[in-house]
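Residues per chain are reported as follows:
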Amino acid sequence: ITADDCQWRARKGNDEWTAVKNEEVVAVPDGNDYVSGFIVTKKEGSKGHNHVLLNMQTKDGKADVAVLSVSCRPKHHLNLQMVMKQRSDAKFIDGQLKPARNASLLQTSSDSDFSIKSTWQNLGGSAEAAAYFRRVDENQPHFSLLAICSEADEDQAKETCSKHLGPMEGVDEAFLKDCISDVCHGAGETAAELAAELLASTRAIGIH
């Protein structure tokens, strides 16, 4: 999925990439022994959100172990949140999906913390997505995630996030920090709107 059209695509082996249908199970290994799979659920529309359930074979049978929630605006941004079904498993979340990572929307190649010396296709992505990323890099202004926002900038970003997220006592601190970081580093009010949609989406499926 990319913010180009906010459409999930998947493939099996070397087959062509195809659009994922609602409630479709993808990435199930070949063979008779089920190990893991991803179940994609989608809400269509310009403000549609998506959930990807990570389902695994456990000692107690098949179980959902994590949920990736995605809020996406075509031709603009997407935002992500990973939540483990068992809170004790949160330690396994790392990289850009780690809570309070302070670099959620505006990830660029200049951010050395997440830099990968490989092509998008070698990482398993599609050529179409790689081409889209190149166009974004060429046409969009450069955002510096390493720059420190001023105290005034952070206060303004917090005010913007608070307006969209609602009362602070109902918002996870890490979630709020990520929203403030996105807005403060140049993603604008759309970042706060996406954060609010993402929060509502995760609450709708009983995850806080």
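For the structure itself, consult the block above.
Model, not experiment: these values are computed from the prediction.

Chemist: Is there a simple way to explain helix α3 (residues 173-187) in this structure?
Modeler: Along an α-helix, residues three or four positions apart point the same way, because every turn accommodates 3.6 residues. Its 15 residues place the ends of α3 19 Å apart at the C-alpha level, agreeing with the 21 Å of an ideal helix rising 1.5 Å per residue. Within α3, burial applies to Ala174, Phe175, Leu176, Asp178, Cys179, Ile180, Ser181, Asp182, Val183, Cys184, His185 and Ala187. Positive phi shows up at glycine 188, right after α3, with a value of about 80°.

Chemist: Sorry, what's going on with helix α1 (residues 127-139) here?
Modeler: Between its first and last C-alpha, α1 extends 18 Å over 13 residues, near the 18 Å set by a 1.5 Å rise per residue. Within the span of α1, buried status applies to Ala129, Ala130 and Tyr132. Projected down its long axis, α1 carries its buried residues within an arc of 160°, all on one side. Opposite the buried face of α1, by more than 90 degrees, sit the exposed residues Glu128, Glu138 and Asn139.

Chemist: Would you take a moment to explain the state of the cysteines for this structure?
Modeler: Two cysteines whose sulfur atoms are joined by a covalent bond form what is called a disulfide. The tally for this structure, following the rule as stated, stands at three disulfides. Across the disulfide, cysteine 6 is cross-linked to cysteine 72 (sulfur-sulfur distance 1.9 Å). Judged by the torsion about the S-S bond (-75°), the cysteine 6/cysteine 72 disulfide is left-handed. Taken together, the residues cysteine 6 in the segment before β1 (9-10) and cysteine 72 in strand β6 (residues 61-72) connect sequence positions 66 residues apart. Cysteine 72 matches cysteine 6 in its accessibility class, with the two residues each being buried. The residue that forms a disulfide with cysteine 161 is cysteine 179, at a sulfur-sulfur distance of 2.1 Å.

Rules and cut-offs
Residues numbered from 1 in each chain as written. Predicted model: local features only at pLDDT ≥ 70, side-chain atom pairs only at ≥ 80, totals over all residues. Heavy atoms only, no water. Helix = DSSP H or I, 4+ residues; strand = E, 2+ residues; numbered from the N terminus. Expected span 1.5 Å × (residues − 1). Buried < 20%, exposed > 50% of the residue type's maximum accessible area, 1.4 Å probe, protein only. Arc of directions from axis to C-beta. Disulfide = S-S within 2.5 Å.

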